[in-house]
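# Overview (structure and organization)
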Amino acid sequence: AQSVWGYDSDNGPERWHENYPMAKGDKQSPIEINSKDVRHDASLTPWHASYDPGAAKTILNNGRTCRVVFDDTFDRSVLRGGPLTGAYRLRQLHLHWGSSDDHGSEHIIDGEKYAAELHMVHWNPKHGNFAGALKQPDGVAVVGIFLKVGKTPKAEIKRILEEIDNIKTKGKEAPFQHFDPSILFPKSRDYWTYHGSFTTPPCEECITWILLREPIEVSADQMAKLRSLSKNGENEPVNPLVDNWRPPQPVKGRIVRASFK
Ligand SMILES: NS(=O)(=O)c1c(F)c(F)c(S(=O)(=O)CCO)c(N[C@H]2CCc3ccccc32)c1F
Ligand SMILES: [Zn+2]
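Residues numbered from 1 in each chain as written. Chains lettered and ligands numbered in written order. Predicted model: local features only at pLDDT ≥ 70, side-chain atom pairs only at ≥ 80, totals over all residues. Heavy atoms only, no water.

## Quick look at the site of ligand 1
Residues in contact with ligand 1 amount to 15 residues; listed here are only the nearest, Asn 62, Arg 67, His 96, Phe 198 and Thr 199. One of the side-chain N or O atoms of His 94 is found 3.3 Å from a nitrogen atom in ligand 1. In the environment of ligand 1, a nitrogen atom lies 2.7 Å from a nitrogen or oxygen atom belonging to the side chain of Thr 199. A total of 540 Å² of accessible area belongs to ligand 1 in isolation, and the protein chains cover 87% of it. (Near = heavy atom within 4 Å. Polar contact = N/O pair within 3.5 Å; in protein donor to acceptor, adjacent residues only side chain to side chain. Areas by Shrake-Rupley, 256 points an atom, 1.4 Å probe, with all protein chains shown as cover.)

Here's what the structure looks like:
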């Protein structure tokens, strides 16, 4: 069904606005970040994640990304501080990656594209539920971590990539428990923050983005593993799940703040 959005020429980012008008809004994500336009904001406090490893539930290939979902029925795994007011509940994490190591991230920093970008999606329980939060400007907070290919891959990402073999095709889901995503954080807490949107339809402009300055390292083999996922279901031809990133959108006068000088 080509009407469903995706990343191919007939259903990709250039056409999302046909079914999802928000895609043409003036606070869309991702964006290119140029350090010269960033404003250091000394009032930005450090952010804190307190995640319960027991909240992790399953890992799923939804044909567009591989995502880990968490129990968010109470304040069990939350993100606080930084640009946020209150505790935002962790709902899911997922990744975006390219067909080769020289691209794949959604946000671009001083012209640099990373091999992949990991997103941890949190929502503000003051809006009742996730669907309600999507409709509020302070409804959702996404922490973005850049992945670069290097020689000393971070051991913690292994856990996610080991599960890939069990979710090769669209719709495949596997148990994914006892996982604390904060082990994926880099050493530095430095971040950029700006107001934007989901980078997938329906592209609601409800997200406070918190992008970590320091990338984490993955190995070339781990990237190849990610690229072995298929967009298609079990009994369909293999269609490599790669290049599931949206190109940068117009900044439209938005200010990107930095927690660091
Ligand atoms: N880059 S991103 O952080 O904007 C972002 C994604 F890139 C992405 F792929 C997904 S998804 O759920 O895997 C597929 C779309 O539903 C979500 N999931 C969100 C988007 C809207 C929605 C609705 C219900 C549950 C989860 C989500 C997402 F927030
Ligand atoms: Zn994402």
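## Points about the pattern of salt bridges
Inspection of every chain in the model, using the stated rule, returns 16 salt bridges. Ionic pairing is found between Asp 71 and Arg 76, a salt bridge with its closest N-O pair at 3.0 Å. Of the charged contacts, one joins Asp 190 and Arg 213 as a salt bridge, the two residues approaching to 2.8 Å between their closest N and O atoms. Residue Asp 190 is located in the loop between strand E11 (173-175) and strand E12 (191-196), and its partner Arg 213 is located in the loop between strand E13 (207-212) and strand E14 (216-218); the two are separated by 23 residues in the primary sequence. Taken together, the shared-partner salt bridges connect Asp 52, Asp 71 and Arg 76 into one network. (Salt bridge = Lys/Arg side-chain N within 4 Å of Asp/Glu carboxyl O. Helix = DSSP H or I, 4+ residues; strand = E, 2+ residues; numbered from the N terminus.)

## Looking at the coordination of the zinc ion (ligand 2)
Looking at the metal site, the zinc ion (ligand 2) is ligated by His 94 (NE2), His 96 (NE2) and His 119 (ND1), spaced 2.0 to 2.1 Å from it. Ordering the donors of the zinc ion (ligand 2) by residue number gives the pattern H-x1-H-x22-H. In this pair, His 96 is assigned in strand E7 (residues 88-97) and His 119 in strand E9 (residues 116-123), connecting sequence segments 23 residues apart. In this pair, the class of His 96 matches that of His 119, namely buried. (Donors = N, O, S within 2.8 Å, 3.2 Å for Na, K, Ca; no water. Buried < 20%, exposed > 50% of the residue type's maximum accessible area, 1.4 Å probe, protein only.)

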